[in-house]
Amino acid sequence: MSTTPHPLVTRARRLAAEVLAPQAERVDQEGVPTSSIEAVKRSGLLGVSAPVEYGGSAAPAAVARETAEILAGACCSTWFVQTQHHTPVQMLTKAQLPLRERLLGPLAGGQLLSGVAYAQLRAHPRVPVRVTRERGGWRFDGTVPWYTGWGLNDVMLLAGVTEGDEALFAFTEAREQPGLRPSPPMRLAALTASRTVSLELDGLWLPDDAVALRTPYETWAVTDRPRNTNASPAVFGVTASALGLLESYDGDPATKETARALRGRLDEVRQQAYELADHPVPTERVDERLAVKTRSYDLLRAATTAAVVAGGGRSIDLGSPAQRLAREGMFLLVQGQTAEVRTAHLGSLGSPG
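Residue numbers run consecutively from 1 along every chain, following the written order of its sequence. In keeping with the model being predicted, local features are shown solely for residues with a pLDDT of at least 70 and side-chain atom pairs are shown and tallied solely at 80 or more, while totals for entire chains, interfaces and linings include all residues. Where side-chain values are given, they derive from all heavy atoms of the structure, hydrogens and water being excluded.

**Focus on the overall build of the protein chain**
Rule in force here: Secondary structure follows DSSP: runs of H or I at least 4 residues long count as helices, runs of E at least 2 residues long count as strands, and numbering of each begins at the N terminus. C-alpha atoms define the radius of gyration, and 2.2 Å times the number of residues to the power 0.38 defines the globule rule. Buried residues are those whose accessible area, probed at 1.4 Å on protein chains only, stays under 20% of the maximum for their type, while exposed residues exceed 50% and partly exposed ones sit between those limits.
Within the protein chain one finds 13 helices and eight strands. For the protein chain, whose C-alpha radius of gyration is 20 Å, the value lies close to the compact-globule estimate of 20 Å for 353 residues. With respect to the three principal axes, the spread of C-alpha positions in the protein chain is 70 × 45 × 40 Å. Expressed as a percentage of the 353 residues in the protein chain, the buried residues total 51%.

Right, dumping it as structure tokens:
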């Protein structure tokens with residue numbers, strides 16, 4: 001955590017306190033409103049890691065992590081919608097010049113919000129979305145099983161695999177159009193508010209100048225695989241909110257003691273996780289990263305469970321923040337999950353002790 005608050009951290013705290021946290025229970029039941037997204041756009045947080053010359057802040061990774069913790073702890077659904085945006089921004093910094101000039105500034109400055117539709121690449125060698133050359137551009141066919149922020153995003157970064165076994169990423173408008181049809185919004189146990197749909201692709205055509213990246217699949221996979229071995233800042237944000245709720249309960253001294261013990265563990269695990277995230281070689285110390293990630297899950301589960309237990313029967317009410325945080329915690333257990341992460345987590349859960 002930063003010692004002197006970065007201006008973006010200050011803005012994130014204000015956004016969380018004034019907009020996100022006060023309506024988190026209502027958003028959880030009714031959906032992320034456009035007003036929340038407009039507030040995120042105005043905050044400057046969408047350009048946290050973007051180059052300064054394109055209107056971003058080029059903030060250190062520690063600042064990006066801290067702002068993510070703050071937003072996730074205030075309203076995990078809103079955090080999840082906006083977190084999709086940062087991958088397209090990062091990819092555009094290395095994209096071909098015309099596309100970069102057209103999109104990076106509006107994305108970094110918050111005029112546009114981007115979603116992502118590329119998790120299906122991790123199903124390889126299955127190819128849920130196939131890309132073929134057609135009419136001087138690219139045709140997309142298949143199914144994107146998860147797309148978050150439908151109706152809130154302006155553009156999306158869409159990916160598929162070519163016949164030459166390349167990963168191809170391209171931008172298009174986030175709306176129904178010829179060759180792209182969304183499902184009805186999914187009803188989920190947690191984060192239904194994030195407006196998640198699946199996308200059916202049947203001949204969606206995109207021009208060459210929409211392509212942000214085209215690279216051999218294995219080249220992309222080598223850089224993608226290590227990403228999800230690190231603990232997510234959102235896990236620490238939701239854990240901290242659960243502990244704050246636990247500390248707010250009056251009565252049983254055991255509640256305060258439990259919060260104190262868990263907060264000490266939170267500080268320790270967070271520090272370990274972020275030291276590993278800052279390691280200069282992301283493909284090294286993978287076993288250690290996975291071990292810390294599973295410890296962060298253990299802590300998340302303990303903190304959200306403690307908040308439910310301390311709240312008693314009122315925790316079961318849908319208006320209770322305790323049960324919302326517990327469901328958000330359940331979601332974070334599988335968010336961005338890979339086979340490697342799942343195996344490590346299950347091994348930890350099944351081990352004695």
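**Details of the packing of aromatic side chains**
Selection criterion: Aromatic pairs are defined between Phe, Tyr and Trp rings, using the six-membered ring for Trp, whenever the two ring centres lie within 6.5 Å; interplanar angles under 30 degrees are classed as stacked, those over 60 as edge-to-face, and all others as tilted. Two conditions define a charge located above a ring, namely a distance within 6 Å from the ring centre to NZ of Lys or CZ of Arg, and an angle within 35 degrees of the ring normal.
Going through the model one piece at a time under the given rule, you end up with eight aromatic pairs. Between the aromatic rings of Phe 80 and Phe 331, the centroid separation amounts to 4.8 Å while the plane-to-plane angle is 70°, which identifies the pairing as edge-to-face. On the criterion of sequence distance, the pair formed by Phe 80 in helix α5 (residues 76-83) and Phe 331 in helix α12 (residues 321-334) is long-range, its members being 251 residues apart. For the pair Phe 80 and Phe 331, one class covers both residues: buried. With a centroid separation of 6.0 Å and an interplanar angle of 80°, the aromatic rings of Tyr 147 and Trp 150 are classed as edge-to-face. You can call Trp 150 buried: its relative accessible area is 17%. Members of the aromatic cluster, connected to one another through ring pairs, are Tyr 118, Phe 169, Tyr 217 and Trp 220. Positioned over the ring face of Tyr 274 is Arg 65, at 4.4 Å from the centre of the ring.

**Some points on the pattern of salt bridges**
To keep it simple, the criterion reads: The term salt bridge refers to a pairing of a side-chain nitrogen on Lys or Arg with a carboxyl oxygen on Asp or Glu at a separation within 4 Å.
Applying the stated criterion across every chain yields a total of 25 salt bridges. The salt bridge involving Glu 25 is made with Arg 324; its shortest N-O contact spans 2.3 Å. One end of the pair, Glu 25, is in helix α2 (residues 24-30); the other, Arg 324, is in helix α12, with 299 residues separating them in the sequence. For Arg 324, a relative accessible area of 5% corresponds to the buried category. In this structure, the salt-bridge partner of Arg 263 is Glu 247, at a minimum N-O distance of 2.8 Å. With a gap of 16 residues between them, Arg 263 in helix α10 (residues 253-277) and Glu 247 in helix α9 (residues 233-248) connect regions that are remote in the sequence.

**A closer look at unusual backbone geometry**
The omega angle of the peptide bond from His 124 to Pro 125 is 15°, so this bond is cis rather than trans. Even without a glycine there, the phi angle at Arg 285 is positive, about 55°. With respect to the secondary-structure elements, Arg 285 resides in the loop between α10 and α11 (286-311).

**Focus: the side chain of Thr 229**
Under the convention used in this document: In protein, a polar contact requires one atom able to donate a hydrogen and another able to accept it; more generally it is a pair of N or O atoms within 3.5 Å, and residues adjacent in sequence count only if both atoms are side-chain atoms. Residues are treated as being in contact if the distance between any of their heavy atoms lies within 4.5 Å.
Along the chain, Thr 229 falls in the loop between α8 (217-224) and α9. At 2.6 Å, the side chain of Thr 229 forms a polar contact with the backbone oxygen of Pro 226. Leave out the neighbours within four places in its chain, and Thr 229 touches Val 286, Arg 289, Leu 290, Lys 293, Glu 340 and Val 341.

**Re the pairing of strand β2 (residues 129-134)**
Each regular strand displays side chains that alternate between the two surfaces of the sheet. Stated precisely, the cut-off is as follows: Any two strands with at least two DSSP bridges between them are considered paired.
Relative to strand β3 (residues 137-148), β2 is paired through six bridges, and the arrangement is antiparallel. Bridging across to β3, Arg 133 finds its partner in Trp 138. Summarising the sheet, β2 and strand β4 (residues 155-162) pair through two bridges and their orientation is parallel. Bridging from a neighbouring strand, Arg 130 pairs with Val 161 of β4.

**Some details on the pairing of β4**
Among the eight residues in β4, eight count as buried, and that is most of the element. Bridging between strand β1 (residues 114-117) and β4 involves four bridges; their strand directions are parallel. Residue pairing for β4: Ser 114 is matched across the bridge by Val 155. In the sheet, β4 pairs with strand β5 (residues 166-173) via seven bridges, with the strands oriented antiparallel. Residue pairing for β5: Leu 157 is matched across the bridge by Phe 171. The turn joining β4 and β5, which pair antiparallel and follow one another in sequence, is formed by three residues; a positive phi near 60° is taken by Asp 165.

Read these as geometric descriptors, not functional statements.
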